[in-house]
Amino acid sequence: MASHEEGPERKRRARAQDGDAKRRHTINDVARMAGVSKKTVSRVINASPFVKEETRKAVLEIIKDTGYVPDPQARGLAFRRSFLIGLIYDNPNPQHTVSHQQGILDALKGTGFELVVRPVDRSSPRLLDEMRVFVERQKLFGVVLPSPVSEDEALVELLKELGCKYVRIASVPMDDASCMVVSHDGRGAAEAARHLADLGHKRIALISGPPSFRSSVERRRGFESGLAERGLSLDPALAKQGAYTYESGIAAARELFELKDRPTAIFCLNDEMASGAYLAARDAGLRIPEDVSILGFDDAPIAARLWPPLTSVRLPLRDMGRMAGEMLVPNPLRDTHADAHEVRPELVVRASTAKVG
């Protein structure tokens, strides 16, 4: 007597037959092979919580086996959203933005989503009006907000009102874990302070970033905390205000080198300003690190290209952008229920820092 064919075996045979077909699989094919409705497949693709786990796994297995790729245009019509992710930024350091952009593009590869980059002026009184038009006109699926734009609570409230998904990249937690990539800048700055103190430096200067940037505040706080751990404190005369730009690094370092009792080490809160400090040291006839140690933050590509190579606190900026992109874009083959994404700064010691003497 012929045995009755079980459901799983029937699905496997159907899948094999379809695999032999020389055509692109459709959502209808996936639904038929999984024995579910087209609507259920759509829910799985878009990470809906209203699907049984057993069904979700079965559908994902078939999607993986067949290589089925959802049609972005069809999905866009269904959800009345374009398949565009926005990167909204206001940062004087271009490398910072480029690194985030590269990471987001890494996350979007093969998904059908595209990236739209939008510079803004945070101080503009028209910012919210401009962002409302931007989001609505582009029908953005979601946006990535790097620092310092991520610190704008009014903008975040606007995105919530518009029903636009967002992920904030910031130095400290500022929102629900599901929409945050946290870099913990203060921890890296504290490590930088300990490094310089352990080399015997006591007159350690600081060139900070704009006070309106939370990252600058957190980095300075971490730096002072690290000094305190070694029994040191920041001399107010050695604290100079920068703007996260090359030019501001030159100007601030020149002021420090003109002091009668100049510092033996300088911690710059980003690598752009550290690069400027290199030029100021050369103009002052000082050698790095024999006469002054210089330490930066971010570990941008320029850090390894300076001479001597720059000691810097590494933030994985590209990885942070990738994390943000992955949190925004539904991917049926990726865990969409992951907790907060966090990175840990790491001190990269090169030749620009040395013992006193």
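First, a word on what this report is: a plain description of the structure on this page.

A look at the overall build of the chain
Scanning the chain from N- to C-terminus turns up 14 helices and twelve strands. Across the 357 residues in the chain, those meeting the buried criterion constitute 51%. Residue pairs at least 24 apart in sequence account for 71% of intrachain contacts in the chain once pairs closer than 6 positions are excluded. Surface accessibility of the chain: about 17,600 Å² in total, with carbon and sulfur atoms responsible for 50%.

Regarding the sheet that holds strand E8 (residues 265-268)
Pairing between the strands of a sheet is mediated by backbone hydrogen bonds and can be parallel or antiparallel. Pairing is mixed across the open sheet formed by six strands, whose spatial order is E7-E6-E8-E9-E10-E12. Single-partner strands in this sheet number two, and they are strand E7 (239-241) and strand E12 (346-348). Here the strands of the sheet are splayed against their neighbours by 20° on average, with no regard to which way each runs. Inspection of the sheet shows strand E10 (residues 311-314) paired to E12 by three bridges, in the antiparallel sense. Directly across from Val 313, in E12, lies its bridge partner Leu 347. Against the sheet, helix H9 (residues 185-198) makes contact with strand E6 (204-208), E8, strand E9 (293-298), E10 and E12, and its axis sits at roughly 165° relative to E9, the strand it touches most. On top of the sheet, helix H11 (residues 246-257) reaches E6, E7 and E8; it is set at about 155° to E6, its chief contact.

About the criteria used
Residues numbered from 1 in each chain as written. Predicted model: local features only at pLDDT ≥ 70, side-chain atom pairs only at ≥ 80, totals over all residues. Heavy atoms only, no water. Helix = DSSP H or I, 4+ residues; strand = E, 2+ residues; numbered from the N terminus. Buried < 20%, exposed > 50% of the residue type's maximum accessible area, 1.4 Å probe, protein only. Contact = heavy atoms within 4.5 Å. Areas by Shrake-Rupley, 256 points an atom, 1.4 Å probe, with all protein chains shown as cover. Pairing = 2+ DSSP bridges. Axes fitted to C-alpha atoms, helices over the stretch in contact; angles between N-to-C directions.

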